[in-house]
Amino acid sequence: MPEPSLLDYLKALLRGQQPPAIPPLPSGKGRRTRLRPAATSARRPRSKAAAPAFTLAQLPWRSLGAVLLFLAGQALLSLAGSSPATLALAVPLWVLALGLAIWANRHGEWALPALQPAAANKAALSFRRTPLIVAAVLFVLTFLLSGHNRFNLLNVVCWLGALGSLLYAFWQPGPRRPGWRTRWAAFWAQPEFTLRVGRHTLLLLLLGALILAVRLYALRSAPPEMVSDHAEMLLDLLDIRNGQAAIFFERNTGREPLPFYLAAWVGRWFGTGVSFLTLKLTSTLASLAGLVFMYLMGEELGGRRVGVFTLALAGLAYWPNVLAHLGLNFYWYATLTAPTLYFLLRGIRRGQLNDYLLAGVCLGIGLNGYTAFRIVPLVAAAALAIFLLHRSSASLRNRAITGALLLLVVALVATTPLLRYSIDHLLVANQRILTRLGEAERAYPGPVGFILLSNMLKGLGLFNYSGGSQWVVGTVRSPAFDLFTATLLLLGVCFTAMRYARQRQWQDLFLLLSLPLLLLPSTLSLAFPEENPAMNRASGAWVPAFVLAALALETCLRSLGQRLAPKRAAASQLAAAGLLALVAASNLGLFNQYTRAYRANSWNSAEMGAVIADFAASFGSLESAWVVAYPHWVDTRLVAMEANNPGRDYAIWPEQLAQTASVAAPRLYILKPEDTLALSTLQQLFPQGVLTTYTSQVASRDFYLYLVANN
């Protein structure tokens with residue numbers, strides 16, 4: 001074979017052709033011959049074998065086309081605005097993208113992460129009789145002692161004792177390990193201590209620090225104002241501080257106890273008292289705990305890289321960040337859905353009874369957290385049914401049935417006081433559900449079947465089309481996910497459906513069906529369909545949604561890496577880092593957009609409270625100030641809380657103004673500029689008063705100050 005010249009080699013590279021082969025050097029048989037250069041010739045460096053040239057044919061162009069079309073369709077809705085016109089343009093693009101995705105899947109371009117195989121546990125199940133009897137006795141005592149809607153020392157001790165005894169009775173022992181004293185002694189007996197941090201751990205630490213910064217960003221100032229739901233929660237916190245330990249808080253159509261007692265502990269521990277900041281800190285801490293199980297969910301359903309992507313997408317997203325900053329009990333739906341589903345799915349796959357017990361604990365805690373969480377037992381039952389309908393070993397099926405029964409018993413014990421209240425006050429405990437699902441407050445505005453179908457379609461469009469019209473919990477009529485995460489969700493649904501069509505893995509079907517199931521607290525608002533979709537009641541659905549988006553991201557990067565040459569596979573890692581940076585920047589912009597819209601829509605109770613606080617600190621008092629009530633204006637209870645005078649309502653009606661003459665001057669009255677009746681009444685009663693205008697930081701939120709300096 002003639003040896004090619006350097007010019008021939010360069011021409012082949014420039015034309016995108018395979019470079020000509022270099023003929024092998026002659027070698028002797030048997031004994032290796034070492035060739036040495038002549039003494040007079042210059043020493044030449046050794047050259048490595050040339051890497052194969054990269055061609056465009058190596059790119060997964062069908063897959064890239066599907067990604068770009070999905071992204072283009074989503075960009076129309078996220079950037080141009082969600083409307084029927086843009087949706088009509090986006091849907092054809094998505095249909096083409098779906099066709100390309102299926103075509104790419106048939107040609108093997110997609111490489112989905114493998115699901116963890118089932119691991120049948122053949123260990124014999126056992127239980128401890130004495131702790132089980134103790135648990136039964138304490139359960140009955142807890143139920144009997146939980147009347148009158150009050151926690152007390154006795155029923156709390158019996159309640160926790162019943163739950164602890166039940167867990168101990170059925171907890172399965174693991175492999176024998178040395179006791180803690182032996183391990184502690186061995187640890188200190190080492191001559192050296194070595195700290196090892198792997199790449200994965202370091203990545204999690206860096207990502208955790210970034211998410212912590214995102215969750216604490218503008219915590220005091222965003223959102224800037226409270227709404228009436230905050231007033232109701234703070235009044236309940238005042239009741240707890242005054243010794244009224246309720247099992248079910250009946251204000252505002254009734255709410256579960258967990259968020260209130262945790263907020264009371266946070267306010268005392270951090271010294272923030274009964275305040276908006278206390279509510280924000282409580283929900284933010286809960287959100288960080290929930291992210292741990294978001295990572296574990298991703299790892300369970302796709303491996304460690306999927307776990308990292310799930311954590312990143314959920315931790316940087318603006319929707320969870322909004323609910324965490326809002327400080328209301330909405331966040332508990334998603335926070336406790338993640339651990340419940342994680343332990344349940346792991347228990348079904350591994351056949352470990354302990355996982356079912358932990359899932360029961362999380363389910364019971366969640367039922368004590370937020371009304372929307374009551375749909376999770378149905379979701380858990382769906383997971384069990386889907387598993388039993390698929391082929392599996394007999395031992396795993398039997399353990400799944402046994403574990404589900406134990407999960408139900410543990411959850412029942414974990415909700416004993418609330419169960420007693422629900423039996424004693426059935427209508428009050430279910431008032432919110434009855435008014436939305438039934439006609440307790442309002443007749444259905446149309447045929448029930450049509451409303452339900454319409455609600456389901458709108459609910460499924462929450463992530464990519466519109467999150468609803470409630471400005472308190474999100475940006476009005478905009479997708480709940482950012483541009484890139486929403487695109488990944490569409491891809492994730494496609495990939496998971498295609499993998500299920502090929503492999504028939506029960507986890508894939510459950511992951512797809514859990515989305516509409518977890519949307520039911522929003523979509524079942526049949527009497528008030530205008531409240532659907534509601535980003536607070538649908539928040540549990542982001543648990544499978546972020547996992548699906550993370551699966552799509554891992555699939556795209558894995559497919560790209562396998563199609564490219566090994567040295568160029570590092571480009572997929574850079575692409576992941578760049579995409580997550582875009583996700584972070586996009587969600588930060590969405591959060592700031594939400595904050596501006598919230599400020600424009602909320603009433604400025606904080607400014608009024610600050611005015612009254614300054615008035616009391618200078619020459620007046622907290623008891624000589626009032627806000628003249630006006631329809632659909634500021635919540636005057638919030639003004640008192642912002643003035644550091646919680647528990648008081650500063651409202652006074654124009655016909656009651658004459659009664660304030662008996663209060664020693666100076667006196668301060670805050671009025672809405674449109675309230676001409678109140679202004680004329682004040683000027684007639686106290687002609688010596690001085691009228692000024694307070695200029696708010698928000699346009700159209702100015703108010704009048706009427707100061708009466710002396711009698």
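Owing to the predicted nature of the structure, the values given are computational and were not obtained by experimental measurement.

**Examining the side chain of Ser-522**
Stage number 1. Residue placement: Ser-522 occurs in helix H23 (residues 520-523).
Stage number 2. By relative accessible area, Ser-522 is classed as buried at 1%.

**Section: the nonpolar core**
Stage number 1. Within the largest apolar cluster, 136 residues are counted, with the highest numbers of intra-cluster contacts made by Trp-319 and Phe-463.
Stage number 2. Ranked by residues supplied to this core, first place goes to helix H24 (residues 542-563) with 13 residues.
Stage number 3. With sequence-adjacent residues up to four places away left out, Phe-463 is seen in contact with Trp-319, Pro-479, Ala-480, Phe-481, Ala-486, Leu-489, Leu-515, Leu-519, Ala-541, Trp-542 and Ala-545.
Stage number 4. One finds Val-611, Phe-615, Val-627 and Ala-640 within the second-largest nonpolar core, a separate group that totals 16 residues.

**Here's the deal with the sheet that holds strand S4 (residues 690-694)**
Stage number 1. Spatially, S2-S1-S3-S5-S4 is the arrangement adopted by the five strands of the open sheet, whose pairing is mixed. For this open sheet the edge positions go to strand S2 (651-652) and S4, each flanked by a neighbour on one side alone.
Stage number 2. Direction of pairing for S4 relative to strand S5 (residues 703-708): antiparallel, over a ladder of five bridges. Residue pairing for S5: Val-690 is matched across the bridge by Leu-707.

**Points about the environment of Ala-123**
Stage number 1. Assignment of secondary structure puts Ala-123 in the loop between helix H3 (84-106) and helix H4 (129-145).
Stage number 2. Note: C-alpha distance between Ala-123 and Gln-352 (229 residues apart in sequence) is 9.3 Å.

**Side note on the confidence of the model for the protein**
Stage number 1. Per-chain confidence: the protein averages 88 in pLDDT, with 90% of residues scoring 70 or above.
Stage number 2. Low pLDDT, under 50, characterises residues 25-51; the predicted model gives this stretch two contacts beyond four residues in sequence or across chains.

**Details of helix H7 (residues 199-216)**
Stage number 1. Helix length check: H7 (18 residues) gives 26 Å between terminal C-alpha atoms against 26 Å at 1.5 Å per residue, within 8%.
Stage number 2. On the buried face of H7, the contacting elements are helix H10 (276-302), helix H11 (304-316) and helix H12 (318-326).
Stage number 3. Backbone geometry just downstream of H7 places Ala-218 in the positive-phi region, at approximately 55°.

**Observations regarding a nonpolar patch on the surface**
Stage number 1. Among the surface-exposed residues, Ile-133, Val-137, Val-140, Leu-141, Leu-144, Leu-145 and Leu-154 lie close enough to one another that they form a single nonpolar patch of about 610 Å² accessible area.
Stage number 2. When residues in the nonpolar patch are grouped by element, the largest group, six residues, is from H4.
Stage number 3. Structurally, the position occupied by Leu-141 is in helix H4.

**Re unusual backbone geometry**
Stage number 1. Cis peptide bonds are those with omega within 30 degrees of zero, and the linkage from Asn-532 to Pro-533 qualifies with -5°.
Stage number 2. Tracing the backbone shows Pro-533 in the loop between H23 and H24.
Stage number 3. Here Ala-665 and Pro-666 are connected by a cis peptide whose omega angle stands at 5°.
Stage number 4. The residue Pro-666 is located in the loop between S2 and strand S3 (667-671) in this model.
Stage number 5. Backbone geometry places Asn-149, a non-glycine residue, at a positive phi of 55°.
Stage number 6. Positive phi, close to 65°, is recorded for Thr-253, a residue that is not glycine.
Stage number 7. Topologically, Thr-253 is positioned in the loop between helix H8 (228-241) and helix H9 (258-269).
Stage number 8. The class for Thr-253 is partly exposed, based on a relative accessible area of 25%.

**Focus: the packing of H7 against H11**
Stage number 1. It is the contact of H7 with H11, at a shortest axis distance of 9 Å, that shows an interaxial angle of 10°. Taken together, H7 and H11 sit at an angle that is classed as roughly parallel. Residues His-200, Leu-203, Leu-204, Leu-207, Leu-210, Ile-211, Val-214 and Arg-215 of H7 form the contact with H11, whose own contacting residues are Arg-304, Val-308, Leu-311, Ala-312, Ala-314, Gly-315 and Leu-316.
Stage number 2. The class makeup of the residues in the contact of H7 with H11 is eleven nonpolar, two polar and two charged.

**What to know about the side chain of Thr-142**
Stage number 1. When you line up the elements, Thr-142 lands in helix H4.
Stage number 2. The class of Thr-142 is buried, set by a relative accessible area of 1%.
Stage number 3. Discounting chain neighbours no more than four positions away, the residues touching Thr-142 are Asn-155, Cys-158, Trp-159, Thr-416 and Pro-417.

Definitions and cut-offs
All chains use their own residue numbering, which begins from 1 and follows the written sequence. Reporting in this predicted model follows two pLDDT cut-offs: at least 70 for local features of residues, and 80 or more for side-chain atom pairs to be given and counted; totals over whole chains, interfaces and linings ignore these cut-offs and use all residues. Values shown for side chains rest on all heavy atoms present in the structure; no hydrogens or waters enter the calculation. Labels follow the DSSP assignment, with helices taken as runs of H or I lasting at least four residues and strands as runs of E lasting at least two, numbered in each case from the N terminus. Classification of residues uses two cut-offs on accessible area relative to the type maximum, computed with a 1.4 Å probe and protein chains only: under 20% is buried, over 50% is exposed, and between them is partly exposed. In these notes, a set of buried Ala, Val, Leu, Ile, Met, Phe, Trp, Tyr and Cys residues joined through side-chain atoms within 4.5 Å is what counts as a nonpolar core. Note on contacts: a residue pair qualifies if any of its non-hydrogen atoms lie within 4.5 Å across the two residues. Two strands make a pair as long as DSSP finds a minimum of two bridges between them. Per-residue confidence from the prediction method is given by pLDDT, with values spanning 0 to 100. Helix span, expected: 1.5 Å multiplied by one less than the number of residues in the helix. Each patch is built from salt-bridge-free residues with over 30% relative accessible area, joining like charges within 9 Å and nonpolar side chains (Val, Leu, Ile, Met, Phe, Trp, Tyr) within 5 Å. Note on areas: Shrake-Rupley with a 1.4 Å probe; residue coverage comes only from the protein chains shown. Each salt bridge in this description consists of a side-chain nitrogen of Lys or Arg and a carboxyl oxygen of Asp or Glu lying within 4 Å of one another. Axis lines are fitted through C-alpha atoms, for helices just across the contact stretch, and the angle between N-to-C directions can take any value from 0 to 180 degrees. Under this scheme an angle from 65 to 115 degrees is roughly perpendicular, one under 35 degrees roughly parallel, and one over 145 degrees roughly antiparallel; angles in between are oblique. Under the scheme applied here, ten amino acids are nonpolar (Ala, Val, Leu, Ile, Met, Phe, Trp, Tyr, Cys and Pro), four are charged (Asp, Glu, Lys and Arg), and all others, including Gly, are polar.

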